[in-house]
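Structural description and commentary
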Amino acid sequence: MLEEVERWLARRSWSAADRPLDRILAAKRGAGTTVSVVLPALNEEATVGAIVATIRRELMTDAVPLVDELVVLDSGSTDRTAVVAAAAGARVVHRDEVLPRLPALPGKGEVLWRSLLATEGDIVCFVDADLRDFSADFVSGIVGPLLTEPDVHFVKAMYDRPLGEAVGQGGRVTELVARPLLNLHWPQLAGFVQPLGGEYAARRSLLERLPFPVGYGVELGLLVDALHTVGLDALAQVDVGVRKHRHQDGRALGRMAAAIYRTAQLRLARGHLVRPALTQFERTPEGFVPRTYAVDTEERPPMAEIAEYAQRHAA
């Protein structure tokens, strides 16, 4: 590991307990900073309500006014995600309602990109909507450094990721794809424990300047581009405990890995790309059948370049 990264780990890695809520709230009041929390959601009726209820109960009260805006960005759910989220107290916005002149592309990154136009906070905090046993520390922990450290611009959550009862065995795509890519090509980012984690917060002034891969590559893309935009010392991570969520099957993980590799490849060389497709095999009664899937190849430009956004945020 680079000496620079070892110094960064000591300087920019914290625990959620390092910043009590009263300290965070005092910093928020002093600076007049606003905080938006965004939950990207696709068919998450089983978990989204409890997450929303926890944030409202613990971080959106007169006593603890940490979160000013809580938005569930629905990515086209066919279940009761929107109904459950609204009943729990979130403002629900459908992906297609935001920037309707641009037809929506499928993918998580697309929803996160559009959420910048659907929110107003100076700090934007993203939280995946499939978390179980959710703790408000996932929000306060990663928002805290942005409120108390003026030179920090981007904060990732870090945590243990169990796979069933196996401790530390989650994050298979992280260990097999993302971590090797980062260590080999962006060694300054080798200190991030959960580079692909879906819980992170950043200053709007940074996010609006970054391109957003529309699919699964969004977390790696934002992390790499944030490094090049504001530098390593402006990035940080906070330990928030344990993350429990729904795990995907091996074929879905393969598609995620392909999208992440493609995102890295695009940043390494903006020239010729290999064919953006992935063939996987599925056993059927007739034997193994190939299934070919397109790999996400689109990226949205920095939101600051979008006319509607510029008009809304004009000084």
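Everything in this summary refers to the structure shown in the same document. Remember, predicted model here, so these are calculated numbers, not experimental data.

A tally of helices and strands in the protein yields eleven helices and 14 strands. Computed over the C-alpha atoms, the radius of gyration of the protein is 19 Å, within 12% of the 20 Å expected from 2.2 N^0.38 for a compact globule of 315 residues. Reported as C-alpha extents along the three principal axes, the dimensions of the protein are approximately 65 × 50 × 45 Å. Counting all 315 residues of the protein, 52% fall into the buried class. For the protein, long-range pairs separated by at least 24 residues make up 74% of all intrachain contacts whose partners lie at least 6 apart in sequence. With the model as given, the accessible surface of the protein reaches about 13,900 Å², and the carbon-plus-sulfur share is 52%. In the protein, the 36 positive side-chain charges and the 41 negative ones have mean positions that sit 2 Å from each other.

Before going further, it helps to examine the sheet that holds strand β5 (residues 123-126). As summarised here, the arrangement of the eight strands in space is β1-β10-β7-β8-β5-β2-β3-β4, forming an open sheet in which the pairing is mixed. Every interior strand has two partners, whereas the edge strands, β1 (13-15) and β4 (91-94), have only one. Recorded for the sheet is a direction-independent mean angle of 25 degrees between the axes of neighbouring strands. Here strand β7 (residues 154-160) pairs with strand β10 (residues 235-242) via six bridges, running parallel.

All right, on to the packing of aromatic side chains then. Overall, the coordinates contain five aromatic pairs when judged by the stated rule. Taking 5.9 Å as the distance between ring centres and 25 degrees as the angle between the ring planes, the aromatic pair formed by Phe-138 and Tyr-159 counts as stacked. On the criterion of sequence distance, the pair formed by Phe-138 in helix α6 (residues 137-148) and Tyr-159 in strand β7 is long-range, its members being 21 residues apart. An identical accessibility class is assigned to Phe-138 and Tyr-159; each is buried.

Axis separation between helix α3 (residues 48-59) and helix α4 (residues 81-88) bottoms out at 8 Å; the angle between their running directions is 20 degrees. The pairing of α3 with α4 is recorded here as roughly parallel in orientation. For the pair α3 and α4, the sense of crossing is right-handed. Residue-level inspection shows Val-48, Gly-49, Val-52, Ala-53 and Arg-56 of α3 in contact with α4, the latter providing Thr-81, Val-84, Ala-85 and Ala-88. The residue makeup of the contact of α3 with α4, split by class, is six nonpolar, two polar and one charged.

Two side chains of opposite charge can pair, provided their charged atoms sit close to one another. In total, this model carries 21 salt bridges according to the counting rule given. Taking the shortest distance from any N to any O, the salt bridge between Arg-300 and Glu-110 comes out at 2.8 Å. In this pair, Arg-300 is assigned in strand β14 (residues 299-300) and Glu-110 in helix α5 (residues 108-118), connecting sequence segments 190 residues apart. Comparing Arg-300 with Glu-110, the two get one shared label, buried. Note that Arg-243 and Asp-128 form a salt bridge whose closest N and O atoms lie 2.7 Å from each other. Taken together, the residues span a long stretch of sequence, with Arg-243 in the loop between β10 and β11 (244-245) and Asp-128 in the loop between β5 and β6 (131-132) at a distance of 115 residues. The buried category is assigned to Arg-243, whose relative accessible area is 4%. According to the relative accessible area criterion, Asp-128 is buried, its value standing at 13%.

Most of strand β3 (residues 69-74) is tucked away: six of the six residues are buried. Of the two faces of β3, both are covered, the one formed by Glu-69, Val-71 and Leu-73 as well as the one formed by Leu-70, Val-72 and Asp-74. With six bridges joining them, strand β2 (residues 35-41) and β3 adopt parallel strand pairing. Bridge pairing in β3 places Pro-40 opposite Leu-73. In this structure, β3 lies alongside β4, joined through four bridges in parallel fashion. By the bridge assignment for β4, Val-71 is matched with Arg-91. Crossover β3 to β4 through α4 is right-handed.

Once that is clear, we can look at unusual backbone geometry. With glycine set apart, most residues show a phi of negative sign, and most peptide bonds adopt trans. Despite not being glycine, Leu-99 shows a phi value in the positive range, around 55 degrees. Within the element layout of this structure, Leu-99 appears in the loop between β4 and α5. Given the relative accessible area of 5%, Leu-99 is considered buried. Even without being glycine, Asp-133 reaches a positive phi, approximately 55 degrees. Mapped onto the elements, Asp-133 comes out in the loop between β6 and α6. Judged by its relative accessible area of 60%, Asp-133 falls in the exposed class.

What counts, and at which threshold
- One numbering rule holds for all chains: residues counted from 1, following each sequence as written.
- It should be noted that, the model being predicted, local features are given only for residues of pLDDT at least 70 and side-chain atom pairs only at 80 or more, the latter also being counted only at that level, while totals for whole chains, interfaces and linings use all residues.
- Computation of side-chain values covers all heavy atoms of the structure but excludes hydrogens and water.
- Starting at the N terminus, helices and strands are each numbered in turn, a helix being any DSSP run of H or I of at least four residues and a strand any DSSP run of E of at least two.
- This radius of gyration counts C-alpha atoms alone. The globule rule is 2.2 Å times how many residues there are, raised to the power 0.38.
- Residue exposure (1.4 Å probe, protein chains only): buried if accessible area is under 20% of the type maximum, exposed if over 50%, otherwise partly exposed.
- Two residues form a contact once any of their heavy atoms are found within 4.5 Å.
- To be clear on the numbers: accessible area is Shrake-Rupley with a 1.4 Å probe, and residue cover counts the displayed protein chains and nothing else.
- None of His or the chain ends enter the tally, which takes Lys and Arg as positive and Asp and Glu as negative.
- Note on charges: their place is set at NZ of Lys, CZ of Arg, CG of Asp or CD of Glu.
- Two strands form a pair only when DSSP identifies at least two bridges running between them.
- Comment: axis = line fitted to C-alpha atoms, over the contacting stretch for helices; angle = value between 0 and 180 degrees taken between N-to-C directions.
- Pairing of aromatic side chains requires ring centres within 6.5 Å, counting the rings of Phe and Tyr and the six-membered ring of Trp. Pairs whose planes differ by under 30 degrees are stacked, by over 60 edge-to-face, and all others tilted.
- What sets the label is the angle itself: under 35 degrees gives roughly parallel, over 145 gives roughly antiparallel, 65 to 115 gives roughly perpendicular, and the rest give oblique.
- If you view the pair so one helix is near and one far, a crossing is left-handed when the near helix is turned anticlockwise from the far one by less than a right angle, and right-handed when it is turned clockwise.
- Amino acids outside the nonpolar list (Ala, Val, Leu, Ile, Met, Phe, Trp, Tyr, Cys, Pro) and the charged list (Asp, Glu, Lys, Arg) are all regarded as polar, and Gly is one of them.
- Salt bridges, as used here, are contacts in which a Lys or Arg side-chain nitrogen is within 4 Å of a carboxyl oxygen on Asp or Glu.
- Orienting the strands away from the viewer, one traces the path from the first strand over the helix to the second; a clockwise path indicates a right-handed crossover.

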